[in-house]
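Per-entry structural report
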Amino acid sequence: MTSLKTVSLAATAFVTMTGQAIAADNQALLEQINQYSANSSTAQVNSIFQLSDVSPSDWAFDALRNLVENYNCIVGYPDGTYRGNRPLSRYEFAAGLNACLQQIERLITSGSSEVTAEDLAALRRLVNEFEAELATLGARVDDLEGRVEFLEDHQFSTTTKLVGEVSFNVSDAFGDGVDDAQTVFQDKVRLMLVTSFTGKDRLYTRLSAGNSGPSFTGQYDTLGSGFVPRTQEGRFSYDGERDNDVTIDRLHYAFPVGDSTTVTAMAILGAHHFYADTFNTGLEAGGGSNGALSRFGERNPIYRLGIGTSTTGIGIKHDFNDVFQLSAGYLATNGSDPSEGEGLFNGTYSAMAQLAIKPSDKFKFGVNYVRGYATDSSDFAYGGTGTGWANNLNNSGMGMAVNNVETNSFGGQVQWDVTDKISLRGWVGYTDAKFDEGEADIWTWAGILALPDLGKPGNMGAIIVGSEPYATNLEIGGSTPRGFTDDMPLHIEGLYKYQLSKNISITPGVIWLINPNQNEDNEDIIIGTIRTTFSF
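Quick caveat, the model's predicted, so the values are computed rather than measured.

1. Quick word on the overall build of the chain
- From N to C terminus, the chain includes 8 helices and 16 strands.
- Counting only residues that meet the buried cut, the chain has 48% of its 536 residues in that class.
- Restricting the contact set of the chain to residue pairs at least 6 apart, pairs at least 24 apart contribute 66%.

This is how it looks when you write it as structure tokens:
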């Protein structure tokens, strides 16, 4: 027979499991009550030994075991813990007492003989002691249930969350080859539906619109001779869309396989950075308006090989432990096209493998290898970064076609968070390109000083210095193309994102291109912008 002391100790031990101050937070109170409820099947404890942090040496072990075995009204946390060392308020105590009362009422209603007179007497005393709290609890629960019912009736979806981002951008460019560029006011809109069917998977459906086009690249035929392909340097991270036409530009489904592996299936806009770490926290924004100003500033350009709206593919990420992570993926640029020479396996593709190593919370680095093939040079590009020669590998003015481009690319990335407010990042990438008519070496590198929370939490300052992809040792048909030079171009970018509020930021910044289109005879180009981003 259970004594009054046992019931009191059990009630006390029962409610100490919570760490939330329900009296201060109505929503937390409702969650607490729901968790304590004996109707909860997900966390119901049928044996005291199911609680990983409760042992026979604990002072309340016998009391807890009696509650579990006699009344089955103990509910643990989803991770199998009880958390009995945490403090509790009188309202929390009342919530736990109420859960046990409901279970005892069920036993009495069913005619069970397990409820003893001594237990009932002890519970009457506890009910009298906590009469005020139980009454308040009931009123607050009724109020909260009414609010929850209203929200459920008016919510967007029980499985889907809407995430949005809108940016206004005022920009201009100055320098040789862009003298005719005008000041522009452009926009970018993203609305993404994030759906979960199991709580661990994610279906991403994104709608995008904008009017920036390929930012200022149309101005960059710096020699104006028709023999020099236009450069992709300095393009904004958020550019691309035209005429504010709304399109579905991302459709991905990510789901876990076991505890350590995640698979990402990409039906639209497949890219390696969607499943693999790019070692540039805060500046990597996936083409959005909350990170670096330029596409180059987001990540090593070799992650962009094979990227495109029509690209389909799959990526896998596996965590061996807290230190080692392996990622691998396959992209088909025209994977949805059933035409001859296209599809998943007969057209242009890009396959990547990456090993990421994180020795500590402050330091991580990775190495990756990308194997690519493009049926012709129109399918070979670094996703809107780099010089014209690095992207096209040909000279359209000479009438030469570049076909069957085979590439082997190697990259290394690092991120060292020296302190919470100083972070050093960088990368290097090399591509060995061979094709029917010739070959080329393509290089890229960058060093980044990032300053998170500069001025106040949420802000971000950054200086990015590097070379966007540029070609060297380029030969076509056994000779160097007319107009080709292999001077190292430099990209210098400075930005400061100031967080006006939780949902609004303003980012002024400058992009300075030295030796644009890998030619030191070309005058420097300076691009200035002020970006305002609304997130919700």
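2. Brief notes about the pairing of strand β3 (residues 202-210)
- Relative to β3, strand β2 (residues 184-195) is paired through 8 bridges, and the arrangement is antiparallel. Residue pairing in the sheet places V189 in a bridge with A209 of β3.
- The antiparallel hairpin formed by β2 and β3 contains 6 residues in its connecting segment, where G199 sits at a positive phi of about 95°.
- Bridge count for β3 against strand β4 (residues 247-257) is 7 bridges, and the pairing is antiparallel. Bridge pairing links Y204 to H252 in β4.

3. Digging into the nonpolar core
- Counting 30 residues, the largest nonpolar core has F380, L393, V405, F435, I442 and L474 as its most contacted members.
- Elements with a contribution of two residues or more to this core: β8 (349-360), β9 (363-376), α8 (388-392), β11 (422-435), β12 (438-452) and β13 (460-476).
- A total of 3 residues in this core trace back to one element, the largest contributor, which is β13.
- Residues contacting F435, with those up to four places away along its chain left out, are L393, V402, N403, N404, V405, A440, L474, E475 and I476.
- In this structure, W427, A450, A462 and I525 belong to the second largest nonpolar core, which totals 22 residues.

4. Focus on the pattern of salt bridges
- Going through the model one piece at a time under the given rule, you end up with 12 salt bridges.
- One salt bridge connects K188 with E241, and the closest N-O pair in it is separated by 3.5 Å. Taken together, the residues span a long stretch of sequence, with K188 in strand β2 and E241 in the loop between β3 and β4 at a distance of 53 residues. Each member of the pair, K188 as well as E241, carries the same accessibility label: buried.
- In this structure, E439 engages K434 in a salt bridge whose closest nitrogen and oxygen atoms are separated by 3.2 Å.
- Judged by its relative accessible area of 36%, E439 is partly exposed.

5. Brief notes about the side chain of S289
- In this fold, S289 is placed in the loop between β5 (261-268) and β6 (312-319).
- The class for S289 is buried, based on a relative accessible area of 1%.
- Within the structure, S289 has its side chain in polar contact with the side chain of S167 (distance 3.0 Å).
- Leaving out residues up to four positions away in the same chain, S289 has contacts with E165, S167, K188, Y238, R531 and T533.

6. Overview of unusual backbone geometry
- Positive phi outside glycine occurs at N517, with the angle close to 60°.
- Inspection of the secondary structure assignment puts N517 in the loop between β15 (504-514) and β16 (525-535).
- Although it is not a glycine, Q518 sits at a positive phi angle of roughly 50°.
- Relative to the elements of secondary structure, Q518 occurs in the loop between β15 and β16.
- Among the residues examined, Q518 registers a relative accessible area of 0% and is labelled buried.

7. Let's talk about the packing of aromatic side chains
- What the rule picks out here adds up to 14 aromatic pairs.
- Relative to F255, the ring of Y253 lies with its centre 5.3 Å away and its plane at 25°, an arrangement referred to as stacked.
- Its relative accessible area of 27% is what places Y253 among the partly exposed residues.
- We classify F255 as partly exposed; its relative accessible area is 27%.

What counts, and where the lines are drawn
Residues numbered from 1 in each chain as written. Predicted model: local features only at pLDDT ≥ 70, side-chain atom pairs only at ≥ 80, totals over all residues. Heavy atoms only, no water. Helix = DSSP H or I, 4+ residues; strand = E, 2+ residues; numbered from the N terminus. Buried < 20%, exposed > 50% of the residue type's maximum accessible area, 1.4 Å probe, protein only. Contact = heavy atoms within 4.5 Å. Pairing = 2+ DSSP bridges. Core = buried A, V, L, I, M, F, W, Y, C linked by side-chain atoms within 4.5 Å. Salt bridge = Lys/Arg side-chain N within 4 Å of Asp/Glu carboxyl O. Polar contact = N/O pair within 3.5 Å; in protein donor to acceptor, adjacent residues only side chain to side chain. Phe/Tyr/Trp six-rings, centres within 6.5 Å; stacked < 30°, edge-to-face > 60°.

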